[in-house]
Amino acid sequence: VQVVESGGGLVQSGDSLRLSCAASGRTFSTYTMGWFRQAPGKEREFVATIVWSGGSTYYADSAKGRFTISRDNAKNTVYLQMNSLKAEDTAIYYCAGQLYYSGTYQYPGAYHYWGQGTQVTVSS
C-alpha cells in the first residue's frame, strides 16, 4: 500500500487545516489508517487513527476536541480536520497504516506503511 499526504501549509494560531491521505495498492488489506506527527527534535507521536472497517476512531489527548479523523472508503482517503490550531501543533504530519492490529494504535512501530509527510506550520 502506498499513501500520499497533502494539505499541509502555513496558518495562524486559531486557524483550521484539513490534511488528506490518499492510499493506493492493496488497500483492502488495511486495518487502520492514522496520523502521526514529528516536531523538530522530538519523537514521532500519535495523533489519531481510524479503523477502516467500522470507522472507530482513537485520538491522542492533544487532539481530542480539536482534531477529527474521517475516511472516504470510495476514495481510499483519510482526512484529518484540524481546528483551533496552536503553535505547538507545528510538525511534519505523517499518514500511516496498519495491515493488522498489533496490540496498539499509538506506537509508530505498530504501523506497516508510511507516507512522506506534509509540513504544518502554525504561527503564533
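Preceding this paragraph is the structure being described.
Residues numbered from 1 in each chain as written. Predicted model: local features only at pLDDT ≥ 70, side-chain atom pairs only at ≥ 80, totals over all residues. Heavy atoms only, no water.

With that settled, consider the sheet that holds strand 7 (residues 67-72). Within a beta sheet, neighbouring strands are joined by backbone hydrogen bonds and run either parallel or antiparallel to one another. Pairing within the open sheet is antiparallel, and its four strands lie in the order 1-3-8-7. In the strand order of this sheet, the two ends are held by strand 1 (2-6) and strand 7, each with one partner. In this sheet, neighbouring strand axes are inclined to one another by 15° on average, regardless of whether the strands run parallel or antiparallel. Both strand 7 and strand 8 (residues 77-82) contribute to a ladder of six bridges, which runs antiparallel. Counted as the bridge partner of R71 is V78 from strand 8. (Pairing = 2+ DSSP bridges. Helix = DSSP H or I, 4+ residues; strand = E, 2+ residues; numbered from the N terminus. Axes fitted to C-alpha atoms, helices over the stretch in contact; angles between N-to-C directions.)

With that settled, consider the packing of aromatic side chains. Counted according to the given criterion, the structure contains eight aromatic pairs. With a centroid separation of 4.4 Å and an interplanar angle of 25°, the aromatic rings of Y58 and Y105 are classed as stacked. Pair noted here: Y58 is in strand 6 (residues 57-59) and Y105 is in the loop between strand 9 (91-98) and strand 10 (113-114), with a separation of 47 residues, a long-range link. Judged by centre distance (4.9 Å) and plane angle (45°), the rings of Y101 and Y105 are tilted. With relative accessibility at 41%, the residue Y101 sits in the partly exposed group. Y105 sits in the buried class, given a relative accessible area of 12%. Chaining the aromatic ring pairs together yields one cluster made of F36, F46, Y94, Y111 and W114. Lying over the aromatic face of Y94, R44 brings its terminal NZ or CZ to 3.7 Å of the ring centre. Over the aromatic face of W114 sits the side chain of R44, whose NZ or CZ is 4.8 Å from the ring centroid. (Phe/Tyr/Trp six-rings, centres within 6.5 Å; stacked < 30°, edge-to-face > 60°. Buried < 20%, exposed > 50% of the residue type's maximum accessible area, 1.4 Å probe, protein only. Lys NZ or Arg CZ within 6 Å of the ring centre and 35° of its normal.)

Take unusual backbone geometry next. Positive phi, close to 50°, is recorded for N76, a residue that is not glycine. Here N76 lies in the loop between strand 7 and strand 8. You can call N76 partly exposed: its relative accessible area is 22%. In the Ramachandran plot, S84 falls in the positive-phi region, its phi being about 50° despite a non-glycine side chain.

Worth remembering: the numbers are spatial, not functional.
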